[in-house]
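Summary of the model geometry
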Amino acid sequence: MGTTHEQFNVGGMSCSFCAKSIEKAYNRTDGVEDVDVSLAHEEILVQYDDDRLNEVEVKDTLRDLGYTIRDPDKAKRYEQQQAELATGKRRLLLAGGASIVVAALMGWMILVMGRFESASPAMDLVTLGLALGTMFGPGRYIKQKAFQSLRRGIFNQHVLLEAGAFAGLLGGLLGLFVFPSFPTVHFFAVSVFITTYHILSEYTSLIVRTRASQAVQSLLDLQPDTARRVGDDGIVEEAPVDDLDVGDRVRVKPGGNIPVDGTVVEGESTVDESVATGESIPEEKAAGDEVIGGSVNETGTLLIEVTATGEDAFLNQVAREIEEARAMKPGIIQLADRVLKYFVPGVLTIAALSFLFWVVAPLAWGADPNVQRGAFAALAVLVLGYPCALGMATPLALIRGGGKAANRGILMRSGDAFQIFPDVDHIVLDKTGTITVGEPAVSDVVGLDDEESNVLATAASAEAFSEHPLADAILAAADEHGVEYGDPAAFDSVTGKGVRATVNGDAVLVGKPGWLSDERIDLSNDHDDIERLQGRGLTVAGVVRDGNLIGLIGIGDEIKGDAAATVQRMKEAGITPVMITGDNERTANAVGEEVGIDRVMTNVLPDEKREEIGRLQEAGHRVAMVGDGINDAPALTQADIGIAIGAGTDIAIESADIVLMGDRLGGVMDAYEIGNESYRKTRQNLATAFAFNGIGVAAATTGLVHPVFAMLAMVLSVSAVLANSFAGQLLSGDGVNTDFALDERTDGDVSDGRATAD
């Protein structure tokens, strides 16, 4: 017994005020030691004393608040999100239908009959029924959240909504039974309208969040379910990976996924370890070398001794890093929520003071207490105090910015990205697949004893039968440059070193300089050229014909065409670019120098990437991380904003706040500019909403504000927010795109370093 950690995926959170309410509720629960809530990934991590609490009680606290606990399985979780979306739509249709009916009744009463007061008892009862039906039908879940929050002393948007809704209901009932002068229908109408507006606001947030969460691929799918285990007697059997123990031996054929972490006992091969390092150039493996589960064995057969299983295995460690980083990522309180922190208790206080004023103040000038006016003032304050436009200000800015971003091939997955981006001062970029293309390519051909085209043709002919990725790069370069080559008359691959072949009757060697030296090829006059290519971070292959070195081929990971321009845009915006990579120092520094990045971190493992991000954050920096691979996922989650290259792995996409739907790096700064603009729109929307509410609440304290004017204020404030959010965008022709699907990845065109609509 002792401290226990429980992690849940939560349904029903619509804004960061929800996250803060959950956090406060757990902090006020006896036995809870710590809680971390991530709105971006809808997850919480609760640390509690299991001597005083159990798992059921911990879950019940969350359910009591009106939130749901989703299934840990990603596919089932996605189904639950779709069900939540359907429920939200159904609630909106019901509440929206009631609002339309009430609006029609009010319009007929005011425009046709020319009166504000009730036209008949029947109309009073109809609107009462619609108010009760809306509040306790589609709006019933809001009451549960409000009650449980209020019971714990938490004042949030749900409490404010219900204060306004019940104020409208109470005002209507007072008009029916106590004060005939009260505008009964209008008070009931307010209860319907503000409940509907709240449901609309939450549905808007839900639809954006759900449609942006369609990457449900599991990280551990990379690991095979079974392995070919070799017994002490040499007999090979298929065994479940979960049944393997440390010390067992498994055989992996060419092209197969390595099922476990281990050490090579026998065989030689090239292994694609990009799953761990992110690097596109495969590693040569021989007896004594370590291999990582999930990586791909490419050329030879390997016998591997298992060194780690279960939670100690690499893929499980990465998964755990991602889970921890998600749950413990610092929460961001949205601007609207910071204002609501003071606005909610402020409105409730003003309502109470307004009532007391009209009851007590008349005594000062010898009049009787004006209970009716005090009640009207208090109710009007509560009605006008619910800022429906406030509830829509942030979601509308999110939709506006999200639509504009989608037209440029950028998926903005969370509202946090809009708020944080203006404060980002460091952008950390992975190298392979982010700054570079992520695939080996011929960068340079040096002709020493023949023309460059002949060097490339000879190498391509020798490598025509090879399955090595570097051979593919040579063949691709020959095809690209129109160089003709044929099949070798004889071919032999020397694993990890190069190839021997007979081309047009000549003996040809293509391989590493070290291997060529072992083959007694004289390289003494060519060291400068070899070192020059290696200094640029290139892998060098020498081409030998009949014992003479005729040329060198430099192979590397090509830098993206817009990388240097994007780095320059970062600097112009006052942002410090940092490159982080698992690659070696020489290669990384060469890439950094070419694109203009001064700070380069090399030989960094996945968990270390996350730690480096954390150090920058501890130093007071706001950090965005850009990556594309599984090895980047923990760092993407840890960063204030994680940006995934959409051409990368699903786990990187799932861990990010922003997805660039393609492989163009310039989208990072496009997202930054859109985020800045959208956050400005959010602040303008909130200022507009609070201007209406501030004036309305102040006027309501007089006890002279009719509920119909409260509703007009709501309509005007929402209209103003809508106009501010979308008018400029519609006029500019950008349109509004909310269809965020990750399987529709597109590459934006590049024009002057900016993206255009595909």
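Cut-offs and rules
- Residues numbered from 1 in each chain as written.
- Predicted model: local features only at pLDDT ≥ 70, side-chain atom pairs only at ≥ 80, totals over all residues.
- Heavy atoms only, no water.
- Axes fitted to C-alpha atoms, helices over the stretch in contact; angles between N-to-C directions.
- Helix = DSSP H or I, 4+ residues; strand = E, 2+ residues; numbered from the N terminus.
- Parallel < 35°, antiparallel > 145°, perpendicular 65-115°, else oblique.
- Contact = heavy atoms within 4.5 Å.
- pLDDT = per-residue confidence, 0-100.
- Pairing = 2+ DSSP bridges.
- Left-handed = near helix turned anticlockwise from the far one by under 90°.
- Buried < 20%, exposed > 50% of the residue type's maximum accessible area, 1.4 Å probe, protein only.
- Patch = residues over 30% accessible without salt bridge, like charges linked within 9 Å, V, L, I, M, F, W, Y side chains within 5 Å.
- Areas by Shrake-Rupley, 256 points an atom, 1.4 Å probe, with all protein chains shown as cover.
- Salt bridge = Lys/Arg side-chain N within 4 Å of Asp/Glu carboxyl O.

Focus on the packing of helix α11 (residues 371–385) against helix α24 (residues 667–700)
Relative orientation and spacing of two packed helices are given, respectively, by the angle between their axes and the distance between those axes. The interhelical angle for the contact between α11 and α24, taken along N-to-C directions, is 175°, at an axis separation of 8 Å. Relative to α24, α11 is oriented roughly antiparallel. The segment α11 lies against α24, with Ala377, Ala380, Val381, Leu384 and Gly385 engaging Asn693, Gly696, Val697 and Ala700.

A few points about the confidence of the model for the protein
Considering every residue of the protein, the mean pLDDT works out to 79; 79% of them sit at 70 or more. Note that residues 212–222 has pLDDT below 50 and, in this model, 30 contacts with residues that lie over four places away or in other chains. Within the model, pLDDT remains below 50 along residues 729–758, and this stretch shows 73 contacts once partners closer than five positions in the same chain are excluded.

Focus: the pairing of strand β19 (residues 506–511)
Sheet topology places strand β18 (residues 498–503) next to β19; 6 bridges connect them, and they run antiparallel. Residue pairing for β19: valine 499 is matched across the bridge by valine 510. Joining the antiparallel neighbours β18 and β19 is a turn of 2 residues, in which asparagine 504 adopts a positive phi near 50°. Relative to strand β20 (residues 539–545), β19 is paired through 4 bridges, and the arrangement is antiparallel. For glycine 511, the partnering residue across the bridge sits in β20 and is glycine 542.

Points about the packing of helix α4 (residues 121–136) against helix α6 (residues 157–177)
Look at α4 against α6: their axes get within 11 Å of each other, and the N-to-C directions meet at 155°. As the angle between them shows, α4 and α6 are arranged roughly antiparallel. With respect to the hand of their crossing, α4 and α6 are arranged in left-handed fashion. Counting all contacts with α4, which are made through Asp124, Leu128, Ala131, Leu132, Met135 and Phe136, the residues of α6 involved are Glu162, Ala165, Phe166, Leu169, Leu173 and Leu176.

Description of the sheet that holds strand β8 (residues 261–266)
One open sheet holds the 6 strands; their spatial order is β6-β5-β7-β13-β8-β11, and the pairing between them is antiparallel. The strands lining the two open edges of the sheet, one partner per strand, are β6 (236–240) and β11 (290–291). In the sheet, strand β5 (residues 226–230) pairs with strand β7 (residues 249–252) via 3 bridges, with the strands oriented antiparallel. By the bridge assignment, valine 230 is partnered in β7 with arginine 249.

Looking at unusual backbone geometry
Unusually for a residue other than glycine, asparagine 504 sits at a positive phi of about 50°. Note on placement: asparagine 504 falls in the loop between β18 and β19. On the basis of relative accessibility, which here comes to 77%, the residue asparagine 504 falls in the exposed class.

Digging into a nonpolar patch on the surface
On the surface, a cluster of nonpolar side chains totalling about 530 Å² of accessible area is made up of Leu353, Phe355, Leu356, Val360, Leu363 and Val371. With 4 residues, the single largest contributor to the nonpolar patch is helix α10 (residues 335–360). Within the fold, leucine 363 resides in the loop between α10 and α11. Residue classification places leucine 363 among the exposed residues on the basis of a relative accessible area of 52%.

Let's talk about the pattern of salt bridges
Across all of its chains, the model carries 23 salt bridges by this definition. Notably, a salt bridge pairs arginine 536 with aspartate 444, separated by 2.9 Å at the nearest N-O pair. With arginine 536 in the loop between α18 (527–535) and β20 and aspartate 444 in strand β16 (residues 436–447), this residue pair connects regions lying 92 residues apart in the sequence. When the shortest N-O distance is used, the salt bridge between arginine 615 and glutamate 612 registers 3.1 Å. Pair noted here: arginine 615 and glutamate 612 are both in helix α21 (residues 606–618), with a separation of 3 residues, about one helical turn. Assessed through its relative accessible area of 22%, glutamate 612 is described here as partly exposed. Among the charged side chains, a network of salt bridges with common partners joins Asp444, Asp529, Arg532 and Arg536.

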